[in-house]
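# Coordinate inspection notes
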Amino acid sequence: MKKLSIVKIGGNVIENKAELTKFLNNFALLKGPKILVHGGGKLATQLGKKLGIESKMIGGRRITDDKSLELITMVYGGLVNKNIVAELQSLNCNAIGFSGADGDTIQAHKRPVKDIDYGFAGDVDGVSSTTIKKLLEADLTPVFCAMTHDGKGQLLNTNADTIASELAIGMSGVYETTLYYCFEKKGVLMDVNDDQSVIKHIDSLSYQTLLEKKVIADGMLPKMHNCFHALKKNVHQVRIGDIEMLHPNANLFTTLTL
């Protein structure tokens, strides 16, 4: 099987022009077929304030009403996505911008209302690996924003970490897939106050121990859940680290395996 890299870039990197440029340079140099996934929630919140659109968050998750959906479509699918695509073109990486609606690549459904109504939030149903494989074989690099669709004309806001995980799972039948979560930290840290205390390898057993000791907590919990969900669905490997992780000589990041 050919190797495929799927990289999710964090919001703090997107917001920092110098860091984003450095990241995209490293991403463009990645050998073989690759996919980039991004969000843009912080930029959407900032632009929303200027436009008088209040961002409503519960437990770190955005409540996506009509106005918010219009806003994130503009920011995720437009402003952020097209700037990334344009910069990758300048680095000789032939990128193409996508949402899950484009090419029917990611199908989803509106999240059912339980305790909280998240509005137009989408939960992924499936990934069209055949369509994406054709793009990769044409030497195109898909750049996915954090939006999907329900097949009935409705766009949906979908967590970017989840999209990256589901893309990795969906493509694992045709590629040996490695999933990268690239954010501002060097990896999963033993001590949150020490950026050098990177745990270099975590498997299922050590993961449970780290949970019990509350080394892994708060915002890292959903990310780790996505990681192990992907591994259990035949994704070859998951890596978590900062923008240096993509460099060929990098050695300070966290690798997750079963």
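Residue numbering note: each chain is counted from 1, following its sequence as written. Predicted model: local features are reported for residues with pLDDT of at least 70 only, side-chain atom pairs are reported and counted for 80 or more only, and whole-chain, interface and lining totals are derived from all residues. Side-chain metrics in this entry use all non-hydrogen atoms of the structure; hydrogen atoms and water are not considered.

Computed from the structure, the largest pocket encloses a volume of approximately 1500 Å³. Considering the residues around the largest pocket, the lining is formed by 50 residues, among which K8, G60, N159, D161 and G219 are closest to the centre. By the criteria applied, helices consist of DSSP H or I runs no shorter than four residues and strands consist of E runs no shorter than two, each listed in order from the N terminus. Only β1 (3-9), α1 (11-15), α3 (41-51), β4 (61-63), β7 (122-127), α6 (160-171) and α8 (220-232) provide two or more residues apiece to the lining of the largest pocket. In terms of residues, the lining of the largest pocket owes the most to one element, α8, which gives 6 residues. Of the residues that constitute the lining of the largest pocket, the class distribution is 18 nonpolar, 19 polar and 13 charged. Every definition here rests on a 1 Å grid over the protein atoms only: cavities are sets of points where a 1.4 Å probe fits but cannot get out, pockets are open sets enclosed by protein on both sides within 12 Å along at least five of seven lines, and lining residues have some atom within 4 Å of a point. Grid points are joined across faces, edges and corners, and a volume is the space filled by probe spheres set on the points. In this classification, Asp, Glu, Lys and Arg are treated as charged, Ala, Val, Leu, Ile, Met, Phe, Trp, Tyr, Cys and Pro as nonpolar, and every other residue, Gly included, as polar.

Before going further, it helps to examine the pairing of β1. Between buried and exposed lies partly exposed: a residue is buried under 20% and exposed over 50% of the maximum accessible area for its type, with that area taken using a 1.4 Å probe on protein chains only. Counting buried residues in β1 gives 6 out of 7 residues, a clear majority hidden from the surface. Between any two strands, pairing holds if DSSP finds at least two bridges. Here 7 bridges tie β1 to strand β11 (residues 176-182), and the two strands are oriented parallel to one another. From the neighbouring strand, K3 faces β11, where its bridge partner is E176.

Here, a salt bridge means any Lys or Arg side-chain nitrogen found within 4 Å of an Asp or Glu carboxyl oxygen. Applying the stated rule across the entire model yields 8 salt bridges. With a closest N to O distance of 3.0 Å, D161 and K223 form a salt bridge. One end of the pair, D161, is in helix α6; the other, K223, is in helix α8, with 62 residues separating them in the sequence. Judged by relative accessible area, which is 11%, D161 ranks as buried. Among the charged side chains, a salt-bridge network with shared partners connects K8, D161 and K223.

A separate point is the sheet that holds β1. The sheet built from 8 strands is open, its strands ordered β5-β8-β2-β1-β11-β13-β14-β12 with mixed pairing. Across the chains shown, the open sheet's two edge strands, defined by having one partner strand only, are β5 (95-98) and β12 (201-202). The pairing of β5 with strand β8 (residues 141-144) spans 4 bridges and is parallel. Note on β8: the bridge partner recorded for F98 is F144.

We now examine the packing of aromatic side chains. Side-chain rings of Phe, Tyr and Trp (the six-membered ring for Trp) are treated as a pair once their centres are within 6.5 Å; stacked means planes under 30 degrees apart, edge-to-face means over 60, and tilted covers the remaining angles. Within this structure, the stated rule accounts for 3 aromatic pairs. Centroid distance F23 to F27: 6.1 Å. Interplanar angle 25°. Geometry classified as stacked. One end of the pair, F23, and the other, F27, are both in helix α2 (residues 17-28), 4 residues apart, so they sit about a helical turn from each other. For F23, a relative accessible area of 0% puts it in the buried group. On the basis of relative accessibility, which here comes to 0%, the residue F27 falls in the buried class. Geometrically, the ring pair formed by Y207 and F228 is stacked, given 4.4 Å between the ring centres and 15° between the ring planes. With Y207 in helix α7 (residues 204-212) and F228 in helix α8, the pair connects residues that are 21 residues apart, well separated along the chain. Judged by its relative accessible area of 10%, Y207 is buried.

Looking now at α2. In this model, α2 (12 residues) spans 16 Å end to end at C-alpha, consistent with the 16 Å of a helix rising 1.5 Å per residue. Residues of α2 that are buried: L20, F23, L24, N26, F27 and A28. The inward-facing, buried residues of α2 abut β1, α1, β2 (34-38), α4 (66-90), β8 and β11. Polar contact criterion, stated in full: a pair of N or O atoms within 3.5 Å, where within protein one must be able to donate a hydrogen and the other to accept it, and residues adjacent in sequence count only if both atoms are side-chain atoms. Between the side-chain oxygen at the start of α2 and the backbone nitrogen of A18 there is a gap of 3.2 Å, and the oxygen is on N16. To estimate the expected span of a helix, subtract one from its residue number and multiply by 1.5 Å. Should any heavy atoms of two residues lie within 4.5 Å, those residues are considered in contact.

Moving on to the UniProt feature "binding site: substrate" (unreviewed entry) in the protein. UniProt positions are given in the numbering used here, feature names are shortened, and annotations may be inferred rather than shown by experiment. Here the UniProt feature "binding site: substrate" (unreviewed entry) sits at G40, G41, R62 and N157. Sequence-wise these annotated residues cover 118 residues; spatially they are packed, their C-alpha atoms never more than 11.8 Å apart. Cross-referencing the annotated residues with the lining of the largest pocket gives G40, G41, R62 and N157. By the element assignment, R62 lies in strand β4. Once residues within four sequence positions are removed from consideration, R62 is found in contact with G41, A44, T45, S55, K56, M57, I72, Y76, Y118 and N157. A polar contact of 3.0 Å, which involves the side chain of R62, links it to the side chain of T45. Structurally, the position occupied by N157 is in strand β10 (residues 155-157). On the basis of relative accessibility, which here comes to 11%, the residue N157 falls in the buried class. N157 has contacts with R62, T64, L69, I72, Y76, F120, A121, G122 and A146, leaving out every residue within four places of it along the chain.

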